[in-house]
Amino acid sequence: MAWFKRKDKGIQTSTEQKKDTPKGLWYKSPTGKIVDTEELAKNFYVSPEDGYHVRIGSKEYFEILFDDNKFKELNTNLTSKDPLKFEDTKKYPDRLKAAKEKTNLKDAVRTAVGKSKGKDLVVAAMDFTFIGGSMGSVVGEKIARAANYSLENNIPFMIISKSGGARMMEAAISLMQLAKTSAKLAQLADAQIPYISLCTDPTTGGTTASFAMLGDINIAEPGALIGFAGPRVVRDTTGQELPEGFQTSEFLLEHGFLDFIMVRQELKNKVNQYIDLITNSPIRA
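Structure report, in brief. These numbers were taken from a predicted model, which means no experiment stands behind them. (Residues numbered from 1 in each chain as written. Predicted model: local features only at pLDDT ≥ 70, side-chain atom pairs only at ≥ 80, totals over all residues. Heavy atoms only, no water.)

## With respect to the pattern of salt bridges
How we decide: Salt bridges are identified by distance alone: a Lys or Arg side-chain nitrogen within 4 Å of an Asp or Glu carboxyl oxygen. Helix and strand definitions follow DSSP, with helices as H or I runs of at least four residues and strands as E runs of at least two, each counted in order from the N terminus. Think of it in three bands: with a 1.4 Å probe and only protein chains considered, a residue is buried below 20% of the maximum accessible area for its type, exposed above 50%, and partly exposed in between.
Enumeration over the complete set of coordinates arrives at 14 salt bridges. Glutamate 63 is the partner of lysine 59 in a salt bridge, and the nearest nitrogen-oxygen pair spans 2.9 Å. Of this pair, lysine 59 and glutamate 63 both sit in helix H2 (residues 58-65), separated by 4 residues, roughly a single helical turn. By relative accessible area, which is 48% here, lysine 59 ends up partly exposed. In this structure glutamate 63 comes out as partly exposed when scored by relative accessible area, which is 33%. Two residues, aspartate 120 and lysine 115, come together in a salt bridge whose shortest N-O distance is 3.3 Å.

Below you can see the structure in the form of structure tokens.
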């Protein structure tokens, strides 16, 4: 005989009495490790269980790089237009509006200047949550203007790439940003102003084909996907099986496309150490 018998059928607890577990208490990494989200944030959004680097955006990178999270954001009011009157499943202006409402961002990159270990640094950080971090006219223009700011004020420049590539809704206009940003970085090189490129997951398409690979120092986070076309496209195009770990930051480091792989906890110290070495300045403690 069963030790328990249900007296009444059906759920008796009212909706008002139900206790839901608050969202966001735990994070599950791709390897299956469970991490407390508060502990994850304290560890620079890196899983202490397996070292997995969770995707973060400009807000978190600014917190990591700038002293006391103090900075001045540059060119905050630039927004994309619709010169091509582009429409796929929805009109481009509607897609932009939805992305702005969802992310509270104006576009896929934010640029800022502030102190990092006591010295000025200009940072352009991309946000994948805004239409896949796609590079359109605003992304190219903000990066170009940030490079100008570095040039005019003799301040080192850093770009944090996180992008699915050029924005198809702007077609050739988006492709023009590859040349524009590359030209600005060439001007920085001529002026001997350091430019550090950090590739994060993912860095693909036109971003990789331009500013992401033009750094005086090219670095990446562990396990990041970095490439021009995605692995599936490359496999289908070549008709060949790809090597294990193809297009990961570790694979690219082994084949000479990167200078270093850097865990996020060391990012601020190492970037400034490289800048000191490049500029032949005393190494900051």
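## Some points on the nonpolar core
The condition is simple: In this description, a nonpolar core means a group of buried Ala, Val, Leu, Ile, Met, Phe, Trp, Tyr and Cys residues linked to one another through side-chain atoms lying within 4.5 Å. In this description, contact between two residues means that some pair of their heavy atoms is separated by no more than 4.5 Å.
In terms of nonpolar packing, the biggest core is built from 27 residues, with Val122, Val139, Ile143, Phe157, Ile159 and Phe211 touching the most fellow members. Where this core is concerned, the elements lending two or more residues are helix H3 (92-103), strand E4 (109-116), strand E5 (119-126), helix H4 (137-153), strand E6 (157-163) and helix H5 (171-190). If we skip the residues at most four places from it in the chain, isoleucine 143 touches Val109, Ala124, Phe157, Ile159, Thr181 and Phe211. Listed in part, the 21 residues of the second largest apolar core include Tyr61, Leu121, Ala125 and Leu267.

## What to know about the sheet that holds strand E3 (residues 72-74)
Test applied: Only when DSSP finds a minimum of two bridges between them are two strands counted as paired.
The 7 strands are arranged E3-E4-E5-E6-E7-E8-E9 in an open sheet whose pairing can be described as mixed. With one partner strand each, in any of the chains shown, E3 and strand E9 (260-261) form the two edges of the open sheet.

## Describing a nonpolar patch on the surface
The line we're drawing: Within this analysis, patches are made of residues with over 30% relative accessible area and no salt bridge. Like charges are joined at 9 Å or less; nonpolar side chains (Val, Leu, Ile, Met, Phe, Trp, Tyr) at 5 Å or less. Working definition of accessibility: Shrake-Rupley area with a 1.4 Å probe, residue cover restricted to the visible protein chains.
Side chains of Leu25, Trp26 and Ile34 sit close together on the surface and give an oily, nonpolar patch of about 330 Å² of accessible area. By the element assignment, leucine 25 lies in the segment before strand E1 (26-28). Under the relative-accessibility criterion, leucine 25 is labelled partly exposed at 37%.

## Description of the packing of aromatic side chains
As a reminder, the rule being used: Any two of the Phe, Tyr and Trp rings considered here, Trp counted by its six-membered ring, make a pair once their centres fall within 6.5 Å; the pair's planes then place it as stacked at under 30 degrees, edge-to-face at over 60, or tilted in between. Any Lys NZ or Arg CZ that is within 6 Å of a ring centre and within 35 degrees of that ring's normal is treated as a charge sitting over the ring.
One pass over the full model with this rule turns up 6 aromatic pairs. Aromatic pair phenylalanine 260 and tyrosine 274: ring centres 5.0 Å apart, planes at 15 degrees, arrangement stacked. Placement of phenylalanine 260 in strand E9 and of tyrosine 274 in helix H8 (residues 267-278) is noted, with a sequence separation of 14 residues between them. Here phenylalanine 260 falls in the partly exposed class, since its relative accessible area comes to 36%. Exposure remark for tyrosine 274: the relative accessible area of 10% places this residue in the buried category. Grouping aromatic residues by their ring pairs yields a cluster made of Phe62, Phe66 and Phe71. A cation over a ring is seen here: arginine 55 above phenylalanine 128, with NZ or CZ 4.6 Å from the ring centre.

## What about the environment of phenylalanine 251?
Here phenylalanine 251 lies in helix H7 (residues 249-254). In sequence terms phenylalanine 251 and glycine 223 are 28 residues apart; their C-alpha atoms lie 9.2 Å from each other. When neighbours within four sequence positions are excluded, phenylalanine 251 is seen to be in contact with Pro243, Glu244, Gly245 and Phe246.

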